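For reference, the chains in residue letters:
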Amino acid sequence: WRIGSTFPALALARFHHRDYLVTMYDWVPVLVLQFLFLRLIGGRITFVVHDVSPHAWAFPPYLRALERGLYRLSYHLPQRVVSLTAGAHAELARDWGRTVHSHVIPHGAYVHDDPTPLPGDGVVLVFGMLRRNKRILESIEAMRILAAEGSRLRMIIAGEPHVDDLDYWRQCEAALVGLDAHISVEVGFVP
C-alpha cells in the first residue's frame, strides 16, 4: 500500500511543483518505476545518492545483470544526480557512466587539524551488520600494516554477516589469517 500510494501522491504534487528531490528511496525496481512515472508526467528529478553501489545485491546471482541495469537506469533517469563525496562522484562516473549533471555536495564539514595521538585505550571497534559498505576488508588490511609497523592498536569486529553478501565476509575471514594477536572477532547478532 505504501509503495502503491506514492504514485498518486507524486501525481498530485505535480499540480503544484515540477521539481522532485529524492533522497531516500525504495527497492531499486520501485525507484526506477517512480522515476519513469515522474518523467512521464513532466517532473524534473534531482537524486541525492548516499551509497552509489548497493550494500549488498538483492537479486539472486543469475539476475545480477538485471539489477545492475536497474541501478544504471536509476542514475540516468534523473535530470541531476548529487553525491555526498568526491569518491562517490568518481564511482558514479566510473562504474555507472553518469558524468553529465552530476554534482558533489559535501556531506558535512570536516576540519582536519594536525594529527594527534588517538585518545582511548587503543581498541578500534567495527560493529553492526558486517557488510561491504563498512569497508571491513580495508580495515583488516590497515590493521595488518599497523601490526607490521609495531602498532599496539587492537581491533574488535562484532556483528553478523549480511545474509545477501556472505562472499564478502568469507573474503574478510581469509584476510584475518595471522592477525589473531591484533583482531578479535565476535560473529553473530549483538543484542
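These remarks concern the structure in this document.

Rules of the game
- Residues numbered from 1 in each chain as written.
- Predicted model: local features only at pLDDT ≥ 70, side-chain atom pairs only at ≥ 80, totals over all residues.
- Heavy atoms only, no water.
- Helix = DSSP H or I, 4+ residues; strand = E, 2+ residues; numbered from the N terminus.
- Pairing = 2+ DSSP bridges.
- Axes fitted to C-alpha atoms, helices over the stretch in contact; angles between N-to-C directions.
- Contact = heavy atoms within 4.5 Å.

## A word on unusual backbone geometry
- Within the chain, H101 stands out as a residue other than glycine whose phi angle is a positive 55°.
- Within the secondary structure, H101 sits in the loop between helix 4 (86–96) and strand 4 (102–104).
- The backbone of R135 sits at a positive phi, close to 55°, despite the residue not being glycine.
- When you line up the elements, R135 lands in the loop between strand 5 (123–127) and helix 5 (136–148).

## Some thoughts on the sheet that holds strand 2 (residues 44–49)
- Pairing is parallel across the open sheet formed by four strands, whose spatial order is 1-2-3-4. Looking at strand neighbours, the two that pair on one side only are strand 1 (19–22) and strand 4, the edges of this open sheet. When the angles between neighbouring strand axes are averaged without regard to direction, this sheet yields 20°.
- With four bridges connecting them, strand 1 and strand 2 associate as parallel partners. Across the sheet, V22 pairs through a bridge with F47, a residue of strand 2.
- Across the sheet, helix 2 (residues 28–40) is in contact with strand 1 and strand 2; its angle to strand 2 comes to roughly 150°.
- Sheet strands in contact with helix 4 are strand 3 (80–83) and strand 4, and its direction is about 165° off that of strand 4.

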